[in-house]
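Spelled out, the chains give:
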Amino acid sequence: MKEVGTACRDVPRPKQLHFYSKFFVSLALFVVSFHRPLMKEERKNLEARTQMTDLERLRHSASHVLATAILKIWPEAQFAAGPPVENGFYYDVDLPHRISPDDFEKIEAEMKEEIKANRPFERMEVSRDEALELGKKGRLAALSERSEPSKFKLDIIENIPPDEKISLYRSGDFIDLCAGPHVKCTGEIGAFKVTSVASAYYKGDEKNPQLQRVYGTAFKTKKELDDYFAMLEEAKKRDHRKLGRELELFVFDDDVGPGLPMFLPRGAVIAEELEKLAKETEFAAGYQRVRTPHIARESLYKKSGHLPYYAESMFPPMELEEARLGERDHGTPASLYYLKAMNCPHHHKLFAAVPRSYRDLPLRFAEYGTCYRYEKSGELFGLMRVRSLQMNDAHIYMTPEQFEAEFNAVNEMYLNYFKLFGIEKYLMRFSTHDPSKLGEKFVDEPELWKQTEEMTRNVLKSSGINYVEVPNEAAFYGPKIDVQAWSVIGREFSIATNQVDFAQPRRLNLVYKDRDNIDKTPICIHRAPLGTHERFIGFLIEHYAGNFPLWLSPEQVRILTIGDDPKLMDYARSILHELRGHQVRAEIDESPDKINGKIQRAEQMKVHTMFVIGKRDMDADAVSVRIHGKGNLGAKPRNEAIGDIVQSIRERRG
RNA sequence: GCCGACGUAGCUCAGCUGGUAGAGCAGCGGUUUCGUAAACCGCAGGUCACGGGUUCGAAUCCCGUCGUCGGCUCCA
């Protein structure tokens, strides 16, 4: 057995990876802050460069140990890829036996042995032919030669660029095609656990066969592992699905349908407050509100270009009998109606409804439109991914000269919102086009692409926003910016979007009369800084862990009386009426519970402010203020206490 | 949509290898008059997701459907 230890620590760590190690340190703070796993792009880069933090290296090695264990139990297993991921590692395996959680114990036992044996990881560089030879003998990701070739490994070798070195790693009998790096010895894997098994398409392509993805996590020490699981438990407590039920914010019902959330009064309040915020902000920014129906004829979506592109994510059309009869009489295709999956075509029609001059631009149409998208069943996820959604939508029509200012203003709006909500962990994804796909995936307007992407990039740079550029992910009609965030359990999703569109306006013949008396097509921005009510509220629930700021709180003040003396109750009710007179969402707890019981219930419902009122307070024309999470703040004169509440709500602080 | 797991009272969960369902909280009815995180007593509440099958007998075993969850894919 080789000496290990020091050599392992000597491995130089590139400077640019500092960020990642920082991230893992901050994982420990994940409970109070906000979960932020590695982003996909970062991960891809990592894999490409095969540079890893110490922890990732350890986890990567753990994945080899996992594969070794699986092979000991099922020697015929075929392995694909086994990288470290945000919270652990996985290995994709093709195996007739369906691995279930019942197998984990067995697998872990084998892994433990491998780790106890403290086998060194040896790196070997081989020629392509040697690698292929081994693969054909089934010797890659295997303990010995086998009758079946290592098919996935052979495929991976085929895809390694000719100029790149091919390396193998050996630990005990296990040999794997692997770029590395690894820890020195299996014994360095201090603590690990097999956590779950799921399926994944080979290379993430729906057309490829499905493999079993066995997930695990590993740390240097047992304590870190325990802390990690404790952290997961904490994260679960702020899961919006759990809090949504506990705080009576929203529900799903089988008879209503999957992905169709209903907001209870407490949840509806939050939606209303967000809407109020959006309306005020947009009014000040020169937007005008419009209102459009939830359905439209097929012809609208044919003209907009959405139908072929979006048909899969739209609810199937409804056929109207009367319209169908009409068709026969008048030969008009009128029978098919769709629930709208987006608002833009309706808004475009409003633009076209009135002759427009360059003097009218920019024109900003805003609507909290209700859309319906038939998301695949497996994609539904609490409030974050639903089938009925209300979007904080608006479409801005402008001349090319106005683009930069408008786009900038939209970004400003996001940033202001994020500041208001204290959202700090997010990532701007700037999606651009691939010039080689002009005319197929992207509209064939090379100049406009160049212009708008350049302008967009400049806006991002000049505002100092942290962003990543993602080529080939633009919308077909233009570049876009998505704001990416993460749910507490680590799912990533977009909470806001800002898209440039120079295609639809043309398709729908939108024009304005320019200074030179020529009809021109406007550029359009689609933007939704607050995303959809559903997703944004889901996000906020987790962001605040249900402890909403006063202005967003479903119940802002609850009045709790000590005893139910009629005079005291009258005093409490007069305060209630005064609060409600100021539009404060206040309630009185008239239950027969003792004061401690009332407080307990208010705290559990995370009511923002409690006015505790006893005879002492009544006699002093005062209330005792208690704030959720802060406790008793003592007695205050009634007018002051009410004034503070009203003021704080008006300023949307606290 | 795909793979896997799960589905017991409004909520959280118990119910061993099949013998016919139980607790806490919430709810309701009383009693209690309590100064900052649960006063006491009682009552009621379940075609064990739904449908079929195996069995003398199914919450428990098998099949199907629906739904949820973990992933994959996709997205606001």
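Up top is the structure these notes are about.
These numbers were taken from a predicted model, which means no experiment stands behind them.

## Details of the pairing of strand S20 (residues 480-486)
Argument step 1. Most of S20 is tucked away: 7 of the 7 residues are buried.
Argument step 2. With 7 bridges joining them, S20 and strand S21 (residues 492-501) adopt antiparallel strand pairing. Bridging across to S21, Trp 486 finds its partner in Glu 492.
Argument step 3. Linking S20 back to S21 in an antiparallel pair, the connection comprises 5 residues, with Gly 490 at a positive phi of about 95°.

## Observations concerning the sheet that holds strand S19 (residues 467-471)
Argument step 1. If you walk across this open sheet you meet the 8 strands as S11-S16-S17-S24-S21-S20-S18-S19, and the pairing is mixed. Of all strands in the sheet, those bounded by a partner on one side alone are strand S11 (288-289) and S19.
Argument step 2. Across 10 bridges, the pairing between strand S16 (residues 363-372) and strand S17 (residues 388-398) is antiparallel. Paired with Ala 366 across the bridge in S17 is Ala 394.
Argument step 3. Taken strand by strand, helix H15 (residues 403-421) contacts S16, S17, strand S18 (427-432), S20, S21 and strand S24 (523-528), and its axis lies near 160° from that of S21.

## With respect to unusual backbone geometry
A negative phi holds for most residues other than glycine; trans holds for most peptide bonds.
Argument step 1. Across the junction of Leu 361 and Pro 362, the peptide omega takes the value -5°, indicating a cis bond.
Argument step 2. In this structure, Pro 362 sits in the loop between strand S15 (356-357) and S16.
Argument step 3. Backbone geometry places Ala 141, a non-glycine residue, at a positive phi of 50°.
Argument step 4. By the element assignment, Ala 141 lies in the loop between helix H6 (128-136) and helix H7 (151-158).
Argument step 5. Unlike most non-glycine residues, Lys 606 shows phi in positive territory, near 55°.
Argument step 6. With a relative accessible area of 22%, Lys 606 lands in the partly exposed category.

## A look at the protein's contact with RNA strand B
Argument step 1. Near RNA strand B, the surroundings consist of 57 residues, among which Tyr 201, Gln 210, Arg 385, Gly 563 and Lys 594 are the closest.
Argument step 2. Within 4 Å of the protein, the atoms of RNA strand B are drawn from sugar and phosphate moieties in a proportion of 49%.
Argument step 3. A distance of 2.9 Å separates a phosphate oxygen of RNA strand B from a polar atom in the side chain of Arg 241.
Argument step 4. At 3.1 Å from a base nitrogen of RNA strand B is found a side-chain nitrogen or oxygen belonging to Thr 532.
Argument step 5. Looking at the surface near RNA strand B, the elements that each hand over two or more residues are strand S7 (191-201), strand S8 (210-219), helix H9 (240-246), S21, helix H20 (595-604), helix H21 (615-619) and strand S28 (622-627).
Argument step 6. Here the surface near RNA strand B takes 7 residues from H20, the largest share from any one element.
Argument step 7. The class makeup of the residues in the surface near RNA strand B is 17 nonpolar, 18 polar and 22 charged.

## A look at the packing of helix H10 (residues 265-284) against helix H18 (residues 533-543)
Argument step 1. Running from N to C, H10 and H18 cross one another at 110°; their axes reach a closest spacing of 11 Å. Viewed along their axes, H10 and H18 adopt a mutual orientation that is roughly perpendicular. Facing Gly 267, Ile 270, Ala 271, Leu 274 and Glu 275 of H10, the residues of H18 in contact are His 533, Phe 536, Ile 537 and Leu 540.
Argument step 2. For the contact of H10 with H18, the class distribution of residues is 6 nonpolar, 2 polar and 1 charged.

## Regarding the pattern of salt bridges
Argument step 1. In total, this model carries 49 salt bridges according to the counting rule given.
Argument step 2. Between Glu 275 and Lys 279 there is a salt bridge, with its nearest N and O atoms 4.0 Å apart. A residue pair is termed a helical-turn pair when its members lie 3 or 4 positions apart in one helix, as Glu 275 and Lys 279 do in helix H10 at 4 residues.
Argument step 3. We classify Glu 275 as buried; its relative accessible area is 18%.
Argument step 4. Judged by relative accessible area, Lys 279 falls into the partly exposed class, the value being 36%.
Argument step 5. Across the salt bridge formed by Lys 520 and Asp 516, the nearest N and O atoms sit 3.0 Å from each other.
Argument step 6. Assessed through its relative accessible area of 27%, Lys 520 is described here as partly exposed.
Argument step 7. Residue classification places Asp 516 among the partly exposed residues on the basis of a relative accessible area of 41%.
Argument step 8. Connected through shared salt-bridge partners, Lys 72, Glu 114 and Arg 119 make up one network.

What counts and how
The residue numbers shown here count from 1 along each chain, following its written sequence. Labels follow written order: the first chain is A, the first ligand is 1, and so on. Thresholds applied to this predicted model are a pLDDT of at least 70 for local features of residues and 80 or more for the giving and counting of side-chain atom pairs; totals over whole chains, interfaces and linings are not thresholded and use all residues. By convention in this description, side-chain values take in all heavy atoms of the structure and omit both hydrogens and water. Relative accessibility under 20% of the residue-type maximum defines a buried residue, over 50% an exposed one, and the middle range a partly exposed one, all with a 1.4 Å probe and only protein chains included. By definition, any uninterrupted DSSP run of H or I lasting at least four residues is a helix, any uninterrupted run of E lasting at least two residues is a strand, and each is numbered from the N terminus. A pair of strands is considered paired only if DSSP assigns at least 2 bridges between the two. Note on definitions: a residue-residue contact is assigned when non-hydrogen atoms from the two residues lie within 4.5 Å. Geometry is summarised by axes, namely lines fitted to C-alpha atoms with helices restricted to the contacting stretch, and by angles between N-to-C directions that run from 0 to 180 degrees. Being near a molecule or strand, for a residue, comes down to having at least one heavy atom within 4 Å of it. Nitrogen and oxygen atoms within 3.5 Å of one another constitute a polar contact, given that in protein one can donate a hydrogen and the other can accept it, and given that sequence-neighbouring residues count only through two side-chain atoms. Each residue is assigned to one of three groups, with Ala, Val, Leu, Ile, Met, Phe, Trp, Tyr, Cys and Pro labelled nonpolar, Asp, Glu, Lys and Arg labelled charged, and all others, Gly among them, labelled polar. Each angle gets one of four labels, with under 35 degrees taken as roughly parallel, over 145 as roughly antiparallel, 65 to 115 as roughly perpendicular, and the rest as oblique. Salt bridges are defined by distance alone: a side-chain nitrogen of Lys or Arg within 4 Å of a carboxyl oxygen of Asp or Glu.

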